[in-house]
Amino acid sequence: MWFGIPALAWIGVILFAAVVFFQVINLPVEFNASSRAREQLVAQGIIAGNEEHYVAKVLNAAALTYVAATLQSIMTLAYYLFILLGDRR
């Protein structure tokens, strides 16, 4: 099945898949960190209570950048797999 496909390309895809897996596993950690940061900012008096809503929006947007990066990595992995597996008709 994999004849004619360089082993180095498969090694690269496998390593990239490991990175994608790490990104997926790391997503809940990032959202939890944003939540804890907001709580700490309020608890230490760095922001006022009425500013918490705005801080939450910014921290949530920062966490969503990790979601976007993970989705992009998943799509890139799919692209590489489609190239390597190709159309076998």
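Residues numbered from 1 in each chain as written. Predicted model: local features only at pLDDT ≥ 70, side-chain atom pairs only at ≥ 80, totals over all residues. Heavy atoms only, no water.

Draft legend 1. Region of interest: the packing of aromatic side chains. In this structure the tally under the stated criterion is two aromatic pairs. Ring plane angle 75 degrees and centroid distance 6.0 Å describe the contact between Phe-16 and Tyr-80, whose orientation is recorded as edge-to-face. With Phe-16 in helix α1 (residues 7-43) and Tyr-80 in helix α2 (residues 52-85), this residue pair connects regions lying 64 residues apart in the sequence. Judged by centre distance (5.8 Å) and plane angle (50 degrees), the ring pair of Tyr-79 and Tyr-80 falls under tilted. Here a set of aromatic residues connected by ring pairs shows up, and it is made of Phe-16, Tyr-79 and Tyr-80. (Phe/Tyr/Trp six-rings, centres within 6.5 Å; stacked < 30°, edge-to-face > 60°. Helix = DSSP H or I, 4+ residues; strand = E, 2+ residues; numbered from the N terminus.)

Draft legend 2. Structural context of the side chain of Ser-73. Its location among the elements puts Ser-73 in helix α2. With sequence-adjacent residues up to four places away left out, Ser-73 is seen in contact with Phe-16, Val-20 and Gln-23. (Contact = heavy atoms within 4.5 Å.)

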